[in-house]
Amino acid sequence: MSAVAADPPEASLLDTSLLDAVIREAGRHRRADLQARLARERTRLTATSCQVVVVGEFKKGKSSLVNALLNLQVCAVDPIGATMAPTMIQHAPARTETVIDQSAGCGVEIGVPNELLASGLIIVDTPGVNGGLTDARAAATLRAVSDADAVVFVSDASQEYTEPELAFLRGAAQHCPVVVCALTKIDFYPEWRRILDLDRGHLHRVGIEAPVFPLSAPLRDHGLRADVPEVDAESGYPAFAGHIRSALVEQCRVQARRDADEAARDALAQIMAELVVERAARADPAVRNTLRLRLEAAEARAHTMTTAAARWQRILRDGNTHLERRVDDDLNQRLQAVTGAFRQRVATSDDLVQGWDELRAWLCEQANRELMAHRTMLRTEADALAEQVAGVFQTDETATNALPAIPSLASLASLASGRPAAEGADPQFRTDGRGARWTHALRSGAIGMMPIHLLAAFGTLAGLSLAPIVAPVGGAVMFVVAKRTLRTSRENQLSAHRAEAKRAGEDYLQKAWQAAHTDSRRAQQDIYHQLGNVFTERAAELKTSAGRNLESAALEIKATDVRSRRRLAELNTEINRLELLAGQHR
């Protein structure tokens, strides 16, 4: 049985009455530019979604959790296979499945009719990671996390959180502050309550405030198929789904509603500003010329804000150049630091054949930590650039003193990428066995005995018996040469292993950093272009407002007293009506 009915989200979260009213007012006042911007805001509001990324180690029940949550078979589940590429599930009138750039590892998009998805939920099931940050694939999963509105971290009830899992959780929480934990397979492990308490204690210890939901997919399936609500409730999924809907999806819509209302109030303020300026000119004839001069200056400044010479344009260009350099410098410094530490470990390791797995895990963890820190740096500096441009824009703004809304960087550009994780190839160690090394050493010792054999042969030809002297000396020479050869062989083999390990590790780092550089540069350029578009549009609106204000004042100077009084009454009525509209939606 699958839920296909799509109950509409709460009306209050999709209330577009203010937007619709201001769109109509913009039309009445011939502000097509404001109408277009608010129409886009309205579309964005009604299409608001909440992207939840499901993460965790292999075989912990991530795909089963997604299937049980939606009561649909959308993710492949079997005891041997595992999710190998991200799978995005969203609402659609009928089931669809699309492979997105499979060669780049981007994954699959699935559309299904489902009530929970229809509320705006988008679920991304990610490939598992073994060992948390010590897995090279963790970098790709964390990139998906950085774009998410919320993260569901999945672990089963077989054991408490491991240190690698907690390290991964801390990294995920840095990129996405909304974290929900799921404890799966509680039907299979009798000690799940003890594990649940331990997991909550671990979360508290590392400073992660996240609810933990104990879940059973088999109980969920039985409860729904047998239509036994009590069993379904015991599975934990109804409470889990309720939290997903109320605490995650609806919160995304609340924020979208606030952003939309802010845009509507900003547009309404621009419309009212024109009327207030005209009323001021009509109410006091003595200030008309002064007002006209001030409006002419304001119009000139507003025009400048639409050109490449505008201060905000210069700040944006300079800031983007700085951000570009910071991306390169930060990545280079982090690469050098990890590479240096890795080389030091290789140089001091005496057994890379047995110790490679441990060294590789350490290298992946260090790389993932540094790349996470780099992404945090990029987001922080991009936020600072947006704030700086907005501050300069506000200072130069002429039509209103309100700070222009700074767009969310999450909506400007994705810091994540569908690029698969760079894993690199393991080193190909060539190892001679102990017997082979001794055979080589003894052969070298035998070769070292050749001068002694020649001496003995010469003595025999001369009628001298040198055996009592040659035998002990020859044995000693053979032992010394064999021992030295064995030591040299070991040193040469260790040197070859170190060179091979160094090559494999540095190859992995180069691939990981190249992917990170490409992603960061693309994100930085997207942010630059989108910020430019946002503030260019706003500058054009201000230029239009300033021009209309000046036009109104110029017309008023030429108007008759009778016409001025009539128009003044109309303005008062219109301003009062718009103030009432604004007051109704505070």
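What you see is a predicted model, and the numbers here were worked out from it, not measured in a lab.

This part covers the packing of aromatic side chains. Taken as a whole, this structure holds eight aromatic pairs when the rule is applied. A ring pair is formed by Tyr237 and Phe240, whose centres lie 6.2 Å apart and whose planes are at 80°; its orientation type is edge-to-face. Residue Tyr237 and its partner Phe240 are located together in helix α10 (residues 237-283), separated by three residues, close to a single helical turn. For the pair formed by Tyr237 and Phe240, the shared burial category is buried. Members of the aromatic cluster, connected to one another through ring pairs, are Phe153, Tyr161 and Phe168.

Let us now look at unusual backbone geometry. Look at Asn71: it is not a glycine, yet its phi comes out positive at around 55°. Here Asn71 lies in the loop between α3 (62-70) and β2 (87-91). Unusually for a residue other than glycine, Asp227 sits at a positive phi of about 55°. Mapped onto the secondary structure, Asp227 falls in the loop between α8 (217-225) and α9 (229-235). Using a relative accessible area of 62% as the deciding quantity, one classes Asp227 as exposed.

Considering every residue of the protein chain, the mean pLDDT works out to 79; 76% of them sit at 70 or more. The secondary-structure element of the protein chain with the lowest mean pLDDT is helix α14 (residues 409-412), recorded at 44, while strand β8 (residues 212-214) shows the highest, at 97. Every residue in residues 398-421 scores below 50 in pLDDT, and together they form 72 contacts with partners more than four places removed in sequence or on other chains. Predicted confidence for residues 444-450 stays below pLDDT 50, and this span has ten contacts to residues more than four positions away or in other chains.

Attention now goes to the sheet that holds strand β1 (residues 50-56). With respect to topology, eight strands assemble into an open sheet ordered β3-β4-β2-β5-β1-β6-β7-β8, the strand pairing being mixed. Looking at strand neighbours, the two that pair on one side only are β3 (96-99) and β8, the edges of this open sheet. The sheet shows a mean angle of 20° between the axes of neighbouring strands, direction not considered. Direction of pairing for strand β6 (residues 150-156) relative to strand β7 (residues 179-184): parallel, over a ladder of six bridges.

A regular strand places its side chains on the two faces of the sheet in alternate fashion. Most of strand β5 (residues 121-125) is tucked away, with five of its five residues classed as buried. Neither face of β5 is exposed, since Leu121, Ile123 and Asp125 on one face and Ile122 and Val124 on the opposite face are all buried. Where β1 and β5 come together, five bridges link them in parallel fashion. Along β5, the bridge assignment pairs Val54 with Asp125. Summarising the sheet, β2 and β5 pair through three bridges and their orientation is antiparallel.

What counts and what doesn't
- Residue numbers here run from 1 along each chain, matching the order of that chain's written sequence.
- Given that the model is predicted, a residue must reach a pLDDT of at least 70 before its local features are reported, and side-chain atom pairs must reach 80 or more before they are shown or counted; all residues, however, enter totals for whole chains, interfaces and linings.
- Here the side-chain values reflect all heavy atoms present in the structure, with hydrogen atoms and water set aside.
- Think of it this way: a Phe, Tyr or Trp ring, Trp meaning its six-membered ring, pairs with another when their centres are within 6.5 Å, and the plane angle makes it stacked under 30 degrees, edge-to-face over 60, tilted otherwise.
- A run of DSSP states H or I qualifies as a helix once it reaches four residues; a run of E qualifies as a strand once it reaches two. Both are numbered from the N-terminal end.
- Throughout, exposure labels follow a simple rule: accessible area from a 1.4 Å probe, protein chains only, divided by the maximum for the residue type, with under 20% read as buried, over 50% as exposed, and the rest as partly exposed.
- For every residue, the predictor reports its confidence as pLDDT, a number between 0 and 100.
- Whether two residues are in contact is decided by their heavy atoms: any pair within 4.5 Å suffices.
- Pairing between two strands is assigned when DSSP locates at least 2 bridges connecting them.
- Structural elements are reduced to axes, namely lines fitted to C-alpha atoms, with helices fitted over the stretch in contact, and the angle between N-to-C directions of any two is expressed from 0 to 180 degrees.

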